Amino acid sequence: MNRRKERFKTDKILQHTEHFKVKFNETDALGIVWHGNYIGYFEDGREAFGRHYGISYKDIQQNGYATPIVKVLSEHKKPLRYADDAYIVTTYVDCAAAKMIFNFEIYNSQDELVCTGETVQVFTDFDNNLILSIPPFLEEWKKKVGML
């Protein structure tokens, strides 16, 4: 492993848990959450994580960057239904590249795993130019939360 990658190797895990209730408009005619709405739950998890750890979308924008999604994975284990209480555990995956990776686990009120997922976001400027080096504000954030 080269030195640059070693710099980012850490055992610290950053996670945040957010509770939610399944809304009627998130379900199909059978009262089961439509599969596409899990992507929205991932977004809710990322936003809650960002607010909790001080790296919200607003923080990213104020530093001159956007973070478009370039990859989404979703694996469904059990259904959620209308009015279910559930929670999403969002985990930040540290990496040496100029991107943000999050893993997700969604659980029902019986603590049964319902869905797992992952998103990958890259950094661009506001002219949609891809940023290939880690933005300075992200390195500062990683230092602040103990990832560097």
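Residues numbered from 1 in each chain as written. Predicted model: local features only at pLDDT ≥ 70, side-chain atom pairs only at ≥ 80, totals over all residues. Heavy atoms only, no water.

We now examine the pattern of salt bridges. All told, the structure shown has 9 salt bridges when counted by the stated rule. Glu26 is the salt-bridge partner of Lys23, the closest N and O atoms lying 3.5 Å from each other. For Lys23, a relative accessible area of 48% corresponds to the partly exposed category. Glu26 sits in the buried class, given a relative accessible area of 11%. A salt bridge links Glu112 to Lys78, with the shortest nitrogen-to-oxygen separation between them at 3.5 Å. Taken together, the residues span a long stretch of sequence, with Glu112 in the loop between β4 (99–108) and β5 (113–122) and Lys78 in the loop between β2 (69–76) and β3 (85–93) at a distance of 34 residues. Classification of Glu112 as partly exposed rests on a relative accessible area of 31%. (Salt bridge = Lys/Arg side-chain N within 4 Å of Asp/Glu carboxyl O. Buried < 20%, exposed > 50% of the residue type's maximum accessible area, 1.4 Å probe, protein only. Helix = DSSP H or I, 4+ residues; strand = E, 2+ residues; numbered from the N terminus.)

For the rest of this paragraph, the subject is helix α2 (residues 37–53). Given a rise of 1.5 Å per residue, 17 residues ought to cover 24 Å, and the 24 Å separating the end C-alpha atoms of α2 matches this to within 8%. What α2 keeps buried is the set Tyr38, Tyr41, Phe42, Gly45, Arg46, Ala48, Phe49, Gly50 and Tyr53. Phi for Gly54, located one or two positions after α2, is positive at around 75°. (Expected span 1.5 Å × (residues − 1).)

All right, on to unusual backbone geometry then. Trans peptide bonds make up most of the peptide bonds, and negative phi angles are found at most residues other than glycine. For Ala83, which is not glycine, the phi torsion reads 75° and is therefore positive. You can see Ala83 is positioned in the loop between β2 and β3. Even without glycine at this site, Asp111 takes up a positive phi of about 60°. Within the secondary structure layout, Asp111 lies in the loop between β4 and β5. Accessibility expressed as a relative area gives 51% for Asp111, which makes it exposed.

Once that is clear, we can look at the packing of aromatic side chains. Inspection of every chain in the model, using the stated rule, returns 13 aromatic pairs. Look at Phe24 and Tyr82: their rings are 5.5 Å apart centre to centre, the planes differ by 90°, and that puts the pair in the edge-to-face class. Here Phe24 is found in the loop between β1 (14–21) and α2, whereas its partner Tyr82 is found in the loop between β2 and β3, with 58 residues between them in sequence. Given a relative accessible area of 62%, Phe24 falls into the exposed group. Each residue in the set Phe49, Tyr53, Tyr92, Phe102 and Trp141 is aromatic and connected to the rest through ring pairs, giving one cluster. (Phe/Tyr/Trp six-rings, centres within 6.5 Å; stacked < 30°, edge-to-face > 60°.)

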